[in-house]
Each structure stands twice: as C-alpha cells, then as structure tokens.
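Read off the chains here:
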Amino acid sequence: MQIGIIGAGRIGGNAARLLARAGHEIALSFARDPQGLEQLAQEIGQNASVGTPAEAVAFGEVVVFSVPWSVIPLALEQAGSLAGKVVVDTTNQFGSGPMPGQGQTAAQLNAARMPGARYTKSFNTLTAGFPGRDRRPQG
Ligand SMILES: NC(=O)c1ccc[n+]([C@@H]2O[C@H](COP(=O)([O-])OP(=O)(O)OC[C@H]3O[C@@H](n4cnc5c(N)ncnc54)[C@H](OP(=O)(O)O)[C@@H]3O)[C@@H](O)[C@H]2O)c1
C-alpha cells in the first residue's frame, strides 16, 4: 500500500520503518527540520520519499497521523482534507491545544476534526520503544 506519514518522530518514524520493511511505500512529512525527514527516508531506502503533509495525504491510501497534541491544528491545516483516507491517529492529549469536551473522547474530537476520514485511533497505548524494537509474537 501507499502510506503517508504526518509526523515521523518516535511513533510515526518507527511506524514508517516497520511499514516499509513490510513492503509498503511511504511518504514522510511534517517536521520543523526537513533534514530529519530526509535522513529517515535515506535510512529506509527506496520505499520512502519526503514531501509536504498535503503531498503525503495525496500519496497515501492510509495516513498515519502522529504529531504532538499541541500542533494538531497546524498539521491538519497543512494536510488539507483527509476525506476518504484511512487515518491511523496515534496522538494522546498531553500539552496545550483544544481538548475533548466533557463526555467526549480524544478520538471523537479528532475524528470530528478530520471530516470524511475513515478514522481509527491506534498505537497510542504503546510506548515508542515497543515498535522501535520490532517486537513480534513468537511464531
Ligand atoms: N512517544 C511515545 O511513547 C508515544 C506513545 C503513544 C502515543 N504517543 C503520541 O503520538 C504522538 C507522536 O508522539 P512522538 O513521541 O512520536 O512525538 P515526536 O517524537 O516528538 O514526533 C513528533 C513529530 O512531529 C514533528 N513536529 C513537531 N512539532 C512540529 C511543528 N511545529 N511543525 C512541524 N513538525 C513538527 C517533529 O519533527 P521535528 O522535531 O523535526 O520538528 C516530529 O518528527 C503524540 O501525540 C504522542 O502523545 C507517543
């Protein structure tokens, strides 16, 4: 599959490594320092490219959304519409920025901020070290 990554840090970057290793094509995006994305793309190899968040969305059948909570509005603004995309949201609500209302989950808030996306919250209960070690069950 073609997978766009918005936020290629500890969680998103490791997801990119593992997904590329499994044979998927990856477009990396969203960083204050684009050199970091270029380095990661070189490390991953021919299955990875670097672009803007909007380019990663256009590229991906699936979009992994993995940015700090406080910059979600900025990342969504740069991403543009996610309608029709499968979005895997790894975020957790630490720090500043809009927070879920009373009785609303973080997933419900984020799904509402991504109208039309086929939204799922995932990987947010694992620490970054877990996928980083490429743990797999025996067998
Ligand atoms: N770390 C964990 O163990 C863990 C576990 C579960 C869930 N989560 C959640 O998953 C999400 C990502 O966590 P993470 O630990 O992977 O974060 P991270 O390592 O800090 O990665 C975030 C990425 O977003 C980019 N970024 C940050 N601010 C930016 C800005 N203003 N403009 C453009 N790019 C920016 C960073 O690139 P630059 O640094 O180059 O700007 C970085 O690659 C968070 O919501 C976190 O709560 C984390």
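This section reports on the structure supplied with the text.

Cut-off values and rules
Residues numbered from 1 in each chain as written. Predicted model: local features only at pLDDT ≥ 70, side-chain atom pairs only at ≥ 80, totals over all residues. Heavy atoms only, no water. Buried < 20%, exposed > 50% of the residue type's maximum accessible area, 1.4 Å probe, protein only. Helix = DSSP H or I, 4+ residues; strand = E, 2+ residues; numbered from the N terminus. Pairing = 2+ DSSP bridges. Right-handed = clockwise from strand over helix to strand, strands pointing away. Near = heavy atom within 4 Å. Polar contact = N/O pair within 3.5 Å; in protein donor to acceptor, adjacent residues only side chain to side chain. Nonpolar A, V, L, I, M, F, W, Y, C, P; charged D, E, K, R; others polar. Arc of directions from axis to C-beta. Contact = heavy atoms within 4.5 Å.

Topic: the pairing of strand S1 (residues 2-6)
- Taken across its five residues, S1 has four buried, putting it largely inside the fold.
- Two elements, S1 and strand S2 (residues 25-29), share five bridges in a ladder whose sense is parallel. Bridge pairing in S2 places Ile6 opposite Ser29.
- After leaving S1, the chain enters helix H1 (residues 10-21) and then returns to the sheet as S2, a path that is right-handed.
- In this structure, S1 lies alongside strand S4 (residues 62-65), joined through four bridges in parallel fashion. Along S4, the bridge assignment pairs Gly4 with Val63.

Brief notes about the site of the ligand
- Taken together, 22 residues surround the ligand, and among them Arg10, Ile11, Arg32, Val67 and Ala128 come closest.
- Separating a nitrogen atom of the ligand from a backbone N or O atom of Ala31 is a distance of 3.3 Å.
- Arg32 places a polar side-chain atom, nitrogen or oxygen, 2.6 Å from an oxygen atom of the ligand.
- Each residue belonging to the shell around the ligand can be placed in one class, and the counts come to 12 nonpolar, seven polar and three charged.

Let's talk about helix H2 (residues 34-44)
- Taken together, the buried positions of H2 are Leu37, Leu40, Ala41 and Ile44. One side of H2 holds all its buried residues, which, seen down the axis, span an arc of 100°. Seen from the buried face of H2, the exposed residues on the opposite side, beyond 90 degrees, are Gln35, Gln39, Gln42 and Glu43.
- Lining the buried residues of H2 we find H1, S2 and strand S3 (48-50).
- The distance from a side-chain oxygen at the start of H2 to the backbone nitrogen of Gln35 is 3.0 Å, and the residue carrying that oxygen is Asp33.
- In the segment just after H2, Gly45 is the residue with positive phi, at about 105°.

Just geometry here; none of it tells us what the structure is for.
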